[in-house]
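Residues per chain are reported as follows:
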Amino acid sequence: MAEVAKGSKKTAPTNPRGIPFAPFVDKVEDYVSSRSDVEGCLKSFQEMISKYQYMEANTSRRAVGLRDKIPDIDKTLETEDAEPLESFFELNDTLYAKAEIPKTEEVYLWLGANVMLSYPLPEAETLLQSKLEAAQLSLENCDEDLDFLREQITTMEVATARVYNWDVNERRKEKASGMDDGEGEAKGRPDG
């Protein structure tokens, strides 16, 4: 098992964003040579499942953030073309004020980390359009990665079940060979 794990790390194929493919266990004997290897193999598979689930949770959070961000960018791009703009702004949690904003040649954009910069209108539109395209591409990648991660988690769960079932069958074989000595049938069952 150690040799297979070492070799797979060097040549493990990944998706376009570097997430490794889960190994498909066709023959359990390729991963475990005896029952003593089963526990380590199952632990390794559980660890891989946990890593995939962690990546899935992070990717899902990122996708939710992008789904919130894209409509905001769209709305901002739409408001640039308006002549005088009538808007409501928040004064308090439940208190809003109405304002009329005259057409301007300059806008202020929040860049994050409490940073706001002034941009001429055409430059701001170009910046927002590039941010929108980047967010849409990132959302597509997140959705693709989520599908990929779900598939890898399922593959690892199947691999875990195969190794576990192989171990159960090996135990049954061992108990069956011990029953030939005249032991009772109840002792030969896994729950007996």
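Residues take numbers from 1 onward in each chain, read along the sequence in its written order. Only residues with pLDDT of at least 70 are given local features in this predicted model, and only at 80 or more are side-chain atom pairs given and counted; all residues enter the totals for whole chains, interfaces and linings. The side-chain numbers reported here are obtained from all heavy atoms of the structure, hydrogens and water having been left aside.

Under an unreviewed UniProt entry, the name given to the protein is Prefoldin subunit 3, and the organism recorded is Friedmanniomyces endolithicus. UniProt annotates the protein under Subunit (unreviewed entry) with the comment "Heterohexamer of two PFD-alpha type and four PFD-beta type subunits." UniProt positions are given in the numbering used here, feature names are shortened, and annotations may be inferred rather than shown by experiment. If you open the UniProt record of the protein and go to Function (unreviewed entry), you find "Binds specifically to cytosolic chaperonin (c-CPN) and transfers target proteins to it. Binds to nascent polypeptide chain and promotes folding in an environment in which there are many competing pathways for nonnative proteins."

K.L.:
Kindly report on the overall build of the protein, identifying the contributing residues and their values.
P.N.:
When helices and strands are tallied, the protein shows four helices and four strands. From first element to last, N terminus to C terminus, the protein shows the α and β order α-α-β-β-β-β-α-α. Note on classification: 1.4 Å probe, protein chains only; a residue is buried when its accessible area is under 20% of the maximum for its type, exposed when over 50%, partly exposed between these limits. Split into buried and exposed, the 192 residues of the protein put 25% on the buried side. Within the protein, counting contacts between residues at least 6 apart in sequence, those at least 24 apart form 58% of the total. Roughly 13500 Å² of accessible area belongs to the protein as shown, and the carbon and sulfur atoms make up 52% of that amount. Segments assigned H or I by DSSP are reported as helices when at least four residues long, segments assigned E as strands when at least two residues long, and all are numbered from the N terminus. Any pair of residues with heavy atoms lying within 4.5 Å of one another is described as a contacting pair. Using a 1.4 Å probe, accessible areas were evaluated by the Shrake-Rupley method; residue-level cover was limited to the displayed protein chains.

K.L.:
Kindly report on the side chain of Asp-145, identifying the contributing residues and their values.
P.N.:
Following the sequence through the fold, Asp-145 ends up in helix H3 (residues 121–179). Asp-145 gets classed as buried once you look at its relative accessible area, which sits at 3%. Those residues in contact with Asp-145, other than ones at most four positions away along the chain, are Asn-15, Arg-17, Ile-19, Thr-59 and Arg-62.

K.L.:
Give a description of the nonpolar core that names residues and reports values.
P.N.:
With 19 residues, the main nonpolar core has Phe-45, Tyr-52 and Val-163 as its most contacted residues. Counting only elements with at least two residues in this core, the list comes to helix H2 (38–79) and H3. The element best represented in this core is H3, accounting for seven residues. Beyond its immediate stretch of four places on either side in the chain, Val-163 contacts Val-28, Val-38, Cys-41, Leu-42 and Phe-45. Note on terminology: a nonpolar core comprises buried Ala, Val, Leu, Ile, Met, Phe, Trp, Tyr and Cys residues joined through side-chain atoms within 4.5 Å. In terms of nonpolar packing, the next biggest core, distinct from the first, is built from 16 residues, Ala-63, Ile-73, Leu-77 and Leu-132 among them.

K.L.:
Can you tell me about the pattern of salt bridges, naming the residues and giving the values?
P.N.:
Salt bridges are identified by distance alone: a Lys or Arg side-chain nitrogen within 4 Å of an Asp or Glu carboxyl oxygen. Across all of its chains, the model carries eleven salt bridges by this definition. Close ionic contact of Glu-47 with Lys-51 constitutes a salt bridge, the shortest N to O distance being 3.4 Å. Taken together, the positions of Glu-47 and Lys-51, both in helix H2 and four residues apart, correspond to about one turn of that helix. Owing to a relative accessible area of 46%, Glu-47 belongs among the partly exposed residues under this scheme. For Lys-51, a relative accessible area of 47% translates into the label partly exposed. Measuring nitrogen to oxygen at the nearest pair gives 3.4 Å for the salt bridge that ties Glu-86 to Lys-98. With Glu-86 in strand E1 (residues 85–90) and Lys-98 in strand E2 (residues 96–101), this pair connects stretches of sequence that are twelve residues apart. Residue classification places Glu-86 among the partly exposed residues on the basis of a relative accessible area of 49%. By relative accessible area, Lys-98 is classed as exposed at 54%. Three or more residues joined by partner-sharing salt bridges are found here, namely Arg-35, Asp-167, Arg-171 and Glu-174.

K.L.:
Describe the UniProt feature "coiled-coil region" (unreviewed entry) in the protein, with residues and values.
P.N.:
Residues annotated by UniProt as "coiled-coil region" (unreviewed entry) correspond here to residues 132–159. Strand forms 0% of residues 132–159 and helix 100%; the C-alpha atoms that close the span are 40 Å apart.

K.L.:
Mind laying out the pairing of strand E3 (residues 106–112), listing which residues take part and the relevant values?
P.N.:
Pairing geometry for E3 and strand E4 (residues 115–120), over six bridges, is antiparallel. The residue bridging Tyr-108 from the neighbouring strand is Ser-118, located in E4. DSSP bridges decide pairing: two strands pair if at least two such bridges lie between them. Linking E3 back to E4 in an antiparallel pair, the connection comprises two residues, with Ala-113 at a positive phi of about 55°.

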